[in-house]
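Okay, here's what each chain looks like letter by letter:
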Amino acid sequence: MSDQASGSGAPAPGEKDVSEESKTISDRVTEPEAAPKAGVEREDAQPSEELSPVSYDTGAEAIGRRDGMWSRGTGDTSGYGGIRRVVEMPAGTEPPFGGWFDAVASRMGELVPHFSTGRIVVDRGEITFHVRPEELPALVKQLRDDAMLRFEVCVSVSGVHYPDDAGAELHAVYHLLSITHNRRIRLEVSVSEADPHIPSVVPTYPMADWHERETWDMFGIVFDGHPALTRILMPDDWEGHPQRKDYPLGGIPVEYKGATVPPPDQRRTYN
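Note that the structure is a prediction, hence the values are computed from the model and not measured.

Draft legend 1. Highlighting the overall build of the chain. A tally of regular secondary structure across the chain gives four helices and 11 strands. Across the 271 residues that make up the chain, the buried fraction comes to 32%. Of the contacts formed within the chain by residues at least 6 apart in sequence, a portion of 52% connects residues at least 24 apart. As presented, the chain carries roughly 17300 Å² of accessible surface, and 52% of it is formed by carbon and sulfur atoms.

Pasting the structure below:
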């Protein structure tokens, strides 16, 4: 039996004796420089007030800066977020993309003229095709029907609002699934707030009916050709689209058991 197995405490060959370096939670730190510094994480999380450039070479386009929800003034009871970050649009990816991505992209370019001029982004193992609104109806029909593609299901349609992306503030995002080939892709269509019109995909994917209604309700994207583009979450007479970034946060004049909900900057603080 080895010394280690017999409980002698001697290290096995090749192992380091760490008995002298072992510390317990009750040991006191005697060197001031060795003590942890309180608040380092919060201080490190505060970037400069200026819009800093992208610090890594991805070709990403910086379109603005987002401030933490309560970074102006004092914090409230909901929390405090003084963090500021640069808003970036991911850069396009140059082919080859790898795996089946290349076959799908090539086939889409063959079936829909001029589609190959759109931006394609491969990120975190997923592929996104940026599509012009006028190309969307023909493209989704080919994606559904072509034997090499066979994206039979539109899993979801959602919206994104980038107020600083001039001329393309509203983005509609379509997640498509191919049951035949077990593949997933994403389509992204950008429009301006001044002209937020995108052709509906309901004629090709009837299950997108409710998804497009929700995207209209929350973001105000108008899906032309939709059979009944009406509110689905908010009341029919509601004004505005609550998930836009410029929509007021709180302060809606509603009552709950006699109490009103004021805007965040007017709520009680405990500073």
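On we go from here.
Draft legend 2. View of the side chain of Arg231. Secondary-structure assignment places Arg231 in the loop between strand E9 (222-224) and strand E10 (255-256). At 2.6 Å, the side chain of Arg231 forms a polar contact with the side chain of Asp217. In this structure the side chain of Arg231 is engaged in a polar contact, spanning 2.7 Å, whose partner is the backbone oxygen of Trp238. Non-local contacts of Arg231, meaning those with residues more than four positions away in its chain, are made with Arg213, Trp216, Asp217, Asp236, Trp238, Glu239, Gly240 and His241.

Draft legend 3. Geometry of the nonpolar core. In terms of nonpolar packing, the biggest core is built from 36 residues, with Met108, Phe129, Leu143, Tyr174, Leu187, Ile198 and Tyr205 touching the most fellow members. Excluding anything up to four places from it in sequence, Met108 contacts Phe115, Phe129, Leu139, Leu143, Leu149 and Leu187.

Draft legend 4. Fine view of the pattern of salt bridges. For the structure on display, the rule yields nine salt bridges. Two residues, Glu110 and Arg107, come together in a salt bridge whose shortest N-O distance is 3.0 Å. In this pair, Glu110 and Arg107 both sit in helix H2 (residues 101-111), three residues apart, roughly one turn of the helix. Notably, a salt bridge pairs Asp146 with Arg107, separated by 2.8 Å at the nearest N-O pair. In this pair, Asp146 is assigned in the loop between helix H3 (136-145) and strand E5 (153-161) and Arg107 in helix H2, connecting sequence segments 39 residues apart. Salt bridges here are not isolated pairs; linked through shared partners, they connect Arg107, Glu110 and Asp146.

Draft legend 5. Region of interest: the layout of surface pockets. What the second largest pocket holds in volume is close to 590 Å³. Contributing to the lining of the second largest pocket are 21 residues, with Glu88, Pro90, Asp123, Arg124 and Tyr162 lying nearest its centre. Counting only elements with at least two residues in the lining of the second largest pocket, the list comes to strand E2 (84-89), strand E3 (120-123), strand E4 (126-130) and strand E7 (183-191). A per-element tally of the lining of the second largest pocket places E2 first, with five residues.

Draft legend 6. How the structure looks around the packing of aromatic side chains. A full pass over the atoms with the stated rule returns one aromatic pair. Centre to centre, the rings of Trp100 and Phe101 are 4.6 Å apart; their planes meet at 85°, and the pair counts as edge-to-face. Taking relative accessible area as the criterion, Trp100 reaches 26% and is therefore assigned partly exposed. A cation over a ring is seen here: Arg213 above Trp210, with NZ or CZ 6.0 Å from the ring centre.

Draft legend 7. Up close: the side chain of Arg213. Among the structural elements, Arg213 can be located in helix H4 (residues 209-219). Those residues in contact with Arg213 that sit more than four places away from it in its chain are His226, Ala228, Leu229, Thr230, Arg231 and Ile232.

Draft legend 8. Main features of H2. Those residues of H2 that fall on the buried side of the exposure criterion are Phe101, Val104, Ala105, Arg107 and Met108. Along the long axis of H2, the arc covered by the buried residues comes to 165°, so they all point the same way. Against the buried residues of H2 lie E3, E4, H3 and E7.

Draft legend 9. Molecular detail of unusual backbone geometry. The residue after Pro95, namely Pro96, is reached through a cis peptide bond having omega 5°. Inspection of the secondary structure assignment puts Pro96 in the loop between E2 and H2. We note that Arg124 has phi near 55°; this positive angle belongs to a residue other than glycine. With respect to the secondary-structure elements, Arg124 resides in the loop between E3 and E4. A residue is classified by how much of its surface remains accessible, and Arg124, at 74% relative accessible area, is exposed. Positive phi, close to 55°, is recorded for Arg150, a residue that is not glycine. Position of Arg150 relative to the elements: it lies in the loop between H3 and E5.

Draft legend 10. Looking closely at the confidence of the model for the chain. Looking at the chain, the pLDDT average stands at 76 and 63% of residues meet or exceed 70. Counting contacts from residues 1-7, a segment whose pLDDT is below 50, to residues more than four positions away or on other chains yields seven contacts. Low confidence marks residues 18-58, where pLDDT is under 50. Its contacts with residues over four positions away, or in another chain, come to 22 contacts.

What counts, and where the lines are drawn
Residues numbered from 1 in each chain as written. Predicted model: local features only at pLDDT ≥ 70, side-chain atom pairs only at ≥ 80, totals over all residues. Heavy atoms only, no water. Helix = DSSP H or I, 4+ residues; strand = E, 2+ residues; numbered from the N terminus. Buried < 20%, exposed > 50% of the residue type's maximum accessible area, 1.4 Å probe, protein only. Contact = heavy atoms within 4.5 Å. Areas by Shrake-Rupley, 256 points an atom, 1.4 Å probe, with all protein chains shown as cover. Polar contact = N/O pair within 3.5 Å; in protein donor to acceptor, adjacent residues only side chain to side chain. Core = buried A, V, L, I, M, F, W, Y, C linked by side-chain atoms within 4.5 Å. Salt bridge = Lys/Arg side-chain N within 4 Å of Asp/Glu carboxyl O. 1 Å grid on protein atoms, 1.4 Å probe; cavity = no way out; pocket = protein on both sides within 12 Å on 5 of 7 lines; lining within 4 Å. Points joined across faces, edges and corners; volume = space filled by probe spheres on them. Phe/Tyr/Trp six-rings, centres within 6.5 Å; stacked < 30°, edge-to-face > 60°. Lys NZ or Arg CZ within 6 Å of the ring centre and 35° of its normal. Arc of directions from axis to C-beta. pLDDT = per-residue confidence, 0-100.

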